[in-house]
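# A closer look at the structure
So you can see what is in the structure, the chains are spelled out below.
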Amino acid sequence: MMQSSPFNLRRAIIWIGRLVLGGIFVYAGFSKLLLPNTHLWPMFVLKFSISMNISSFAQQVESYKMISPEASQVVAHTLPFVEIVLGLLVLIGWRLRIWAAAITAIMVAFLTVVTRAYLLHMDINCGCFGTPEKLTGMTVVRDGVFTLLALLTTIFVFIEERKPHPWAAPEKA
Amino acid sequence: MPIIPAPVVVAKEASPLPPPQSAAALTDVDPHKAFGSKNAPITMEVFSDFQCPACKTLFITTNRRLMDDYVSTGKVYLIHRDFPLAMHAHSRVAARYARAAAQLGKVEPVEQALFQNQEKWEQTGDVDGTVAAVLSAPEMNKVRALVKGGALDSMIDKDFALGQTYRVSQTPTTVFHCKGQTYPYSGVMTYDILKTFLEQLLSQK
């Protein structure tokens, strides 16, 4: 976990990256499970809502025409949970280098996929969150910004954790 | 690999009208587009758009089995509702043809033809030719007359307005009514997921 120390730009970006990316990943994961169908009770109704939402997300994945329907189902059944766990880990800050790097890798993959779809003029929803949202140039820009933030956060986390702690006793010669 | 774009949002925000609470409260049911017994314990209203790929998927993957296992056995009263989205250039025309065919008792083959050949007619706009392929010449003449008559639009508009009361914002959306409860669900469901849900609705006390 990051230790407390004097604030600087690098640390500010790490904090912003953790809060923004962690928050977005947690929201993205939960929204894929709980939106657009939001019936929560009784239990079988909640299960049906989540099944429907995952099914809709699987279709959004499939609409990119990059993987098979079976693989789309696997992605739809795993990605929301991965997003929630990664988001929480980054917010908590435990082993930040690993999880920030993982989020960066996922963001690069997202950016690649939406850019490809945009360049191919695919008339599809982006599947970024639970509610349907058209894939447009703004989607690509938004993912680009998040990817850049993830990349900077990861680089800065690596730099910070390699440096000795500023409040630590100086090494003896 | 088939293109199955996700459900799309295009409808305007619905006015906050309360939805009907039971099947008995359902109004404006076109008997030609409703299947099964009105006394069935579950009523399903399916709001769909003939040009929507997700609606095609729902129709092809679940409709036949739903009809065989639940509608024809008296467990589900199934109502097909039109919800033609403005973003689809030919969906209202397709809805008119399906409505017209329904008046002749030919809704099933026409709906099937429209969904099965969706990619073709959405490119060419040839809804007429798609429908003509599954109807006889006299039937097709009657369908064309009904479509030209212009009376079908009001029926489609009623379905659309009803969808808005349920806050339908994307297609397909299925509204389940059972034991005084109303559950609107948007998106495509596999038959297995639907079956599990229907069984649980039926076993509900």
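The rules behind these values
- Residues numbered from 1 in each chain as written.
- Chains lettered and ligands numbered in written order.
- Predicted model: local features only at pLDDT ≥ 70, side-chain atom pairs only at ≥ 80, totals over all residues.
- Heavy atoms only, no water.
- Helix = DSSP H or I, 4+ residues; strand = E, 2+ residues; numbered from the N terminus.
- Core = buried A, V, L, I, M, F, W, Y, C linked by side-chain atoms within 4.5 Å.
- Buried < 20%, exposed > 50% of the residue type's maximum accessible area, 1.4 Å probe, protein only.
- Contact = heavy atoms within 4.5 Å.
- Axes fitted to C-alpha atoms, helices over the stretch in contact; angles between N-to-C directions.
- Parallel < 35°, antiparallel > 145°, perpendicular 65-115°, else oblique.
- Left-handed = near helix turned anticlockwise from the far one by under 90°.
- Nonpolar A, V, L, I, M, F, W, Y, C, P; charged D, E, K, R; others polar.
- Salt bridge = Lys/Arg side-chain N within 4 Å of Asp/Glu carboxyl O.
- Disulfide = S-S within 2.5 Å.
- Phe/Tyr/Trp six-rings, centres within 6.5 Å; stacked < 30°, edge-to-face > 60°.

## Observations regarding the environment of B:Phe176
Examined against the element boundaries, B:Phe176 turns out to sit in strand E6 (residues 173–178). Linking B:Phe176 and B:Ala113, residues 63 residues apart in sequence, is a C-alpha distance of 26 Å.

## Comments concerning the nonpolar core
Nonpolar side chains in soluble globular proteins tend to end up buried together. Residues B:Met44, B:Leu78, B:Leu114, B:Phe176, B:Phe197, B:Leu198 and B:Leu201 are the most contacted members of the largest nonpolar core, which totals 51 residues. At 8 residues, the largest contribution of residues to this core is made by helix H1 (residues 53–71) of chain B. Beyond its immediate chain neighbours, meaning those up to four positions away, B:Leu114 contacts B:Phe50, B:Ala94, B:Ala98, B:Trp121, B:Val127, B:Thr130 and B:Val131. A:Ile13, A:Ile14, A:Leu96 and A:Ile103 belong to the second-largest nonpolar core, a separate cluster that totals 15 residues.

## Thoughts on the packing of helix H2 (residues 91–103) of chain B against helix H6 (residues 137–149) of chain B
All names here are of chain B. As a packed pair, H2 and H6 sit with axes 9 Å apart at the nearest point and diverge in direction by 125 degrees. By the angle class used here, H2 and H6 are oblique. Where H2 crosses over H6, the handedness of that crossing is right-handed. Of the residues in H6, those in contact with Arg96, Tyr97, Ala100, Ala101 and Gln103 of H2 are Met140, Val143, Leu146 and Val147. When grouped by side-chain class, the residues that make up the contact of H2 with H6 number 7 nonpolar, 1 polar and 1 charged.

## Quick word on the pattern of salt bridges
Opposite charge on two side chains makes pairing possible when the charged atoms of those side chains draw close. All names here are of chain A. For the coordinates displayed, the defined rule picks out 21 salt bridges over all chains. Note that glutamate 83 is salt-bridged to lysine 32, the shortest N-O span being 2.8 Å. Of the two residues, glutamate 83 sits in helix H3 (residues 69–92) while lysine 32 sits in helix H1 (residues 9–34), which places them 51 residues apart along the sequence. Classification of glutamate 83 as buried rests on a relative accessible area of 2%.

## A short note on the state of the cysteines
By definition, a disulfide links the sulfur atoms of two cysteines through a covalent bond. Residues and elements named next belong to chain A. All chains considered together, the criterion is met by 1 disulfide over all chains. A sulfur-sulfur separation of 2.1 Å characterises the disulfide bridge that pairs cysteine 126 with cysteine 128. A relative accessible area of 5% places cysteine 126 in the buried class. A residue is classified by how much of its surface remains accessible, and cysteine 128, at 15% relative accessible area, is buried.

## Observations regarding the packing of aromatic side chains
What characterises a pair of aromatic rings is the spacing of the ring centres plus the angle enclosed by the ring planes. Under the counting rule described, the total for this entry stands at 14 aromatic pairs over all chains. Ring geometry for A:Tyr27 versus A:Phe129: centroids 5.4 Å apart, planes at 40 degrees, classification tilted. Of this pair, A:Tyr27 sits in helix H1 while A:Phe129 sits in the loop between helix H4 (96–119) and helix H5 (137–162), and the two are 102 residues apart along the sequence. On the accessibility criterion, A:Tyr27 (44% relative accessible area) is partly exposed. Considering the side-chain rings of B:Phe176 and B:Tyr185, the 6.0 Å spacing of their centres and the 75 degrees angle between planes classify their relative orientation as edge-to-face.

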